[in-house]
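Topology and contacts: notes
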Amino acid sequence: FIEIKIFNINAGYFILIEKIKLSNNSKIIEQEFYKEVKTKKDAEYYLNNILNNKENRKYKFFINYISNDIIIEVINISKELRNNYLTELNTLYPNYQLEYNVMHGEIKVNPNNKKIICALLHNNIFNEIKNIINLINKKNIYLGMDVFLLQYFLNDNLKLFYKKYVVLIQKNYSYYRVYQIYYGKIVNYIVIKDDSK
């Protein structure tokens, strides 16, 4: 498959494309392309040029959107309380459906309790991403959000992170991702460029 990381900060884009092969529990990056662009049009042109060539069209594309625009919420659902995550979400963000697209994932803590992870992305930004990847073979596209995927991993491995305070720092080229994790929940998240104050 091909993983595409789209860093979007201050209206600029950094695009990292990795052709990945999985073998024996190893992730091997066979090829890598990257480019920093200033406009959405340039990002569209660059992505579609590389991903629509004959050789790359047969792959599945996993797009990981990395930005400070994503809002993340973890909602506890209990059979006893009979609460619904959509109702909880509406309490936190009244009429969220009008302004946000929501991705959600579910983790079962035990038979009576679940955690729902919600990533909210403003409609304008969601439509922007859809436009950027407009010309790629749509059947093979999977979209993820960096912060959402990490929270999903944390919830799935709660025993490792529960009652711990962790600061996780990742670096891709000149972009840093800093996560503040407390009791297995991301409480702060920021993407910064290394030339930023």
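Values in this document were obtained by computation on a predicted structure and should not be read as measured data.

Now for the overall build of the protein. In terms of regular secondary structure, the protein is built from 6 helices and 11 strands. Taken against the 2.2 N^0.38 rule, which gives 16 Å for 197 residues, the C-alpha radius of gyration of the protein at 18 Å falls within 12% of a compact globule. Along the three orthogonal principal directions, the C-alpha set of the protein runs to about 55 × 40 × 40 Å. Relative to its full complement of 197 residues, the protein shows a buried share of 43%. Put simply, of all contacts in the protein between residues at least 6 apart along the chain, 57% involve residues at least 24 apart. On the protein, roughly 11,900 Å² of surface is accessible, and the fraction owed to carbon and sulfur atoms is 50%.

Taken together, the 5 strands give an open sheet; going across it, the order is β3-β2-β1-β4-β8, and neighbouring strands pair in mixed fashion. If you trace the sheet from one side to the other, it starts and ends with β3 (26-37) and β8 (141-145), each paired once. For this sheet the average axis-to-axis angle between neighbouring strands, irrespective of direction, equals 20 degrees. Packed onto the sheet, helix α1 (residues 40-51) meets β1 (2-9), β2 (12-23), β3 and β4 (61-67) and runs at close to 20 degrees relative to β2.

Let's shift gears to the sheet that holds strand β11 (residues 185-193). Pairing in this open sheet of 3 strands is antiparallel, and the strands run β9-β10-β11 from one edge to the other. Either end of the sheet is taken by a strand with one partner, and the two such strands are β9 (165-172) and β11. Between one strand axis and the next, the sheet turns by 15 degrees as a mean value, whatever way the strands run. Across 8 bridges, the pairing between strand β10 (residues 175-182) and β11 is antiparallel. Paired with Tyr 182 across the two strands is Lys 185, which belongs to β11.

What counts as what
- Residues numbered from 1 in each chain as written.
- Predicted model: local features only at pLDDT ≥ 70, side-chain atom pairs only at ≥ 80, totals over all residues.
- Heavy atoms only, no water.
- Helix = DSSP H or I, 4+ residues; strand = E, 2+ residues; numbered from the N terminus.
- Rg over C-alpha atoms; globule rule 2.2 N^0.38 Å.
- Buried < 20%, exposed > 50% of the residue type's maximum accessible area, 1.4 Å probe, protein only.
- Contact = heavy atoms within 4.5 Å.
- Areas by Shrake-Rupley, 256 points an atom, 1.4 Å probe, with all protein chains shown as cover.
- Pairing = 2+ DSSP bridges.
- Axes fitted to C-alpha atoms, helices over the stretch in contact; angles between N-to-C directions.

By themselves these figures say nothing about function.
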